[in-house]
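# Examining the three-dimensional arrangement
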Amino acid sequence: MKKILAMISLCLLSTMQALAGRGFAIVVDKKSYNEAKNEIQAYAKAIEDMQHLHVYTVIDRWGVPDSIRTELQRLHALRQNPIEGAVFIGDIPIAMIRDAQHFTSAFKMNQKANRKQSSIPSDRYYDDFNLKFKPLGHDNDAPYYYYSLTAESPQILNPTLYSGRIRPTDVGGMSRYVKLRNYLTKVVREKRAAGSLNKMFYFEGHGYISQSFVARVDEKEGLYEHFPWLKRQPNGISYLSHLQYRNVKFKLMNELMRQDLDFAILHHHGAWNTEYLNGIPSPNNVNEAKTFIQQFFRSKTRDAKDRGQNADSVMAAFEKRLDIPHTWLENTFDPKIVAKDSLDNDLLDLHTTDFAKYNYTPNCRVIMIDACFNGSFHREDCIADEYIFSPGRTVAVIANTVNVLQNKWSDRYMGLLGLGASVGELARFSYYMESHVIGDPTFTFIPSQKSADISALLAGNNDAVWHKLLKTDAHADVKCIAIDRLNRDNKMTSAELLAIFRNSDEALVRLQALYSLAEHDDANFIEALKLAANDSYELVQRTALHLIGESGNDALIPAIIATNMTNSLSERCRFNAMNALTLFPKDKLLAEFQRQFNAPSLRLIDKEKTGKRYEKLIVAATEKWSEYVDMAVSSSTTAKKRLSAIRGLRNYCPHHRIPEILNYLRTQAQPDAQVALLEMLGWHTLSYQVPAIAKCADEMSRDNSFKPEVRNEALKTVNRLKHINK
């Protein structure tokens, strides 16, 4: 019997009190299970009692991701109580994904760099069974297992399960097992005491989405669509901006320590150990301006010295070039001044060390951190871990393992939390490789409004029910998820989606319709973009302007010219509108500009001068990426510069020059450049040139005259473009 047990990689324990129907897996390493057995069993019982899920406890005895994934697939395929989600507790191996950067919102690092830094730590390996991977080995100094997304795999995320990570470490002097026991005890207490989502808070940090006031004002309108019952609450939705205080972190900490706070969204920049909040405060008077200049150039001088430069020479250059008095910088290396500058910088942001330093114990039950790297659970510590392992009441944080895009729909389906959906389900439908629940993914609030059983619907995915809810449910997010589910099952036409976009009074529903139309990328999508470029809701307009640039369709030129000439555009919309200009042909933009600008109805002060300024702006914009294309296809470009230029075209590639790129790809490029070009072209899934890209890639994938690595990348590009319902 002992020999048989030794051959089994995974030990499966099942509690007996669970209700039939849906299941959930707790995956835990053997040591953590032995150290926190009572707490894990209490956690499983709480899930069964509160979420009515049959809990399976899977003890990992191998420490290999493949075995765990296989077991999760088996549990999901059970006829009775199939699992809908999983949580990974303790030292469960971490999948580091390569060749899948298109699944992230922003991560585009050169994979030739150190693989620890150039891979994506992601549990999509475990929770998206559709994906196919090739193992690439593991590290001996970290629990990292590397996998390459294969060319044959689906090239779109559609997770089968929701999941979460509870990974305490010994950072801070407390044993990981003490942290684990304390956390699970807290979770059980909070699960059994959970109420409705009645109080929420949102925060905006320095530099986020161009610090757009319009975006933040409109965001509150969207939050009331997510949580309509909060209109009836006294101070149901509170807001804090970094602009209100020079050291906003103390106000932020105080807000998140509120005992009555249920949910928070934090928009800011981030690192694994830092929430960037304030930025250097702008001076308000002459004395503050002097201090600002001194601190800025002291910092620059110290940085230069750290890089090996001569500090005196650097200071002398600053003084001469900017006419700065020497006395302003002469104390740059005075220990007292160095310490004061360091303290001032420390006060601008929130760090992992601040939790212990200030006895910061956040009580907000669920927090979404819309920032880069704050959810880097693969490290020994990260911001999200500090939130859940603190003694406060926070049980779950939705955060990101790598950098993220500012323009994404960060609060997608958020209102479902208030209707009883779990935190894990919210993260599952974000559709990003980097997004993770740190903490308990099964945590739910008591529904605040009468609606369908959202969790059961998401687990079952009944199209007939979704159709009915789309017509009858009053809640915007229920309509949104219904549209998403039906569209992904090919049960909605683009004509139906355009009708929804035209007729809906709800901003969130229009936004969902626009995203779903993008998956069709047809004439109805183009029509929706024309309308959305002038939408009343900032995020719909901002998204449309980004998608117009992604499309490059000539029919959108009138809309993008008109938008760029609008006086009242929000900061981030203007940013997206300017970016879109860079992707269209100059002659067509100038012709449309002349048509609109010369209309007698357009009245401007000093119109002739304004017109010349606009023309100059358009010309400069259209030349922005031309140099990159020239370098990519020129025979005189060095291999290193060519690859750098190709990587630069991933985000922005002038669509009208794609035929030129395809010709070079087929006839002149070397294998390394061919792989890079095919990978780059695969990013442009909404380009009006997709049929030409797909045809070229398909032909190359079947042509044995090309090297295997080229054919492989060509096949991946074909599959990346396949999900578009053209």
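So, how was this worked out
Residues numbered from 1 in each chain as written. Predicted model: local features only at pLDDT ≥ 70, side-chain atom pairs only at ≥ 80, totals over all residues. Heavy atoms only, no water. Salt bridge = Lys/Arg side-chain N within 4 Å of Asp/Glu carboxyl O. Helix = DSSP H or I, 4+ residues; strand = E, 2+ residues; numbered from the N terminus. Buried < 20%, exposed > 50% of the residue type's maximum accessible area, 1.4 Å probe, protein only. pLDDT = per-residue confidence, 0-100. Contact = heavy atoms within 4.5 Å.

### Side note on the pattern of salt bridges
- What the rule picks out here adds up to 46 salt bridges.
- Here K45 makes a salt bridge to D49, at a shortest N to O gap of 2.8 Å. Of this pair, K45 and D49 both sit in helix α3 (residues 37-51), four residues apart, roughly one helical turn.
- The partly exposed category is assigned to K45, whose relative accessible area is 31%.
- Measuring nitrogen to oxygen at the nearest pair gives 4.0 Å for the salt bridge that ties R365 to E190. With a gap of 175 residues between them, R365 in the loop between α13 (354-357) and β16 (366-370) and E190 in helix α7 (residues 176-193) connect regions that are remote in the sequence. For the residue pair R365 and E190, the accessibility class agrees, reading buried in each case.

### Regarding the environment of P234
- With respect to the helices and strands, P234 occurs in the loop between α8 (213-226) and β11 (237-241).
- Since its relative accessible area comes to 62%, P234 is described here as exposed.
- Considered as a pair, P234 and N198 are 36 residues apart in the sequence and their alpha carbons are 9.6 Å apart.

### Side note on the confidence of the model for the chain
- Per-residue confidence for the chain averages 93 on the pLDDT scale, and 97% of its residues sit at or above 70.
- Here residues 1-20 scores under 50 on pLDDT; set against residues more than four positions off or in separate chains, the count is 45 contacts.

### Here we look at unusual backbone geometry
- Not every positive phi belongs to a glycine, and D323 is a case in point at roughly 55°.
- Here D323 lies in the loop between α11 (311-322) and α12 (335-346).
- Taking relative accessible area as the criterion, D323 reaches 68% and is therefore assigned exposed.
- Unusually for a residue other than glycine, D521 sits at a positive phi of about 50°.
- The topology assignment puts D521 in the loop between α20 (507-518) and α21 (523-532).
- Residue D521 is classed as buried on the basis of its relative accessible area of 10%.

### Points about the pairing of strand β9 (residues 162-166)
- In terms of burial, β9 is a largely internal element, five of the five residues being buried.
- Neither face of β9 is exposed, since Y162, G164 and I166 on one face and S163 and R165 on the opposite face are all buried.

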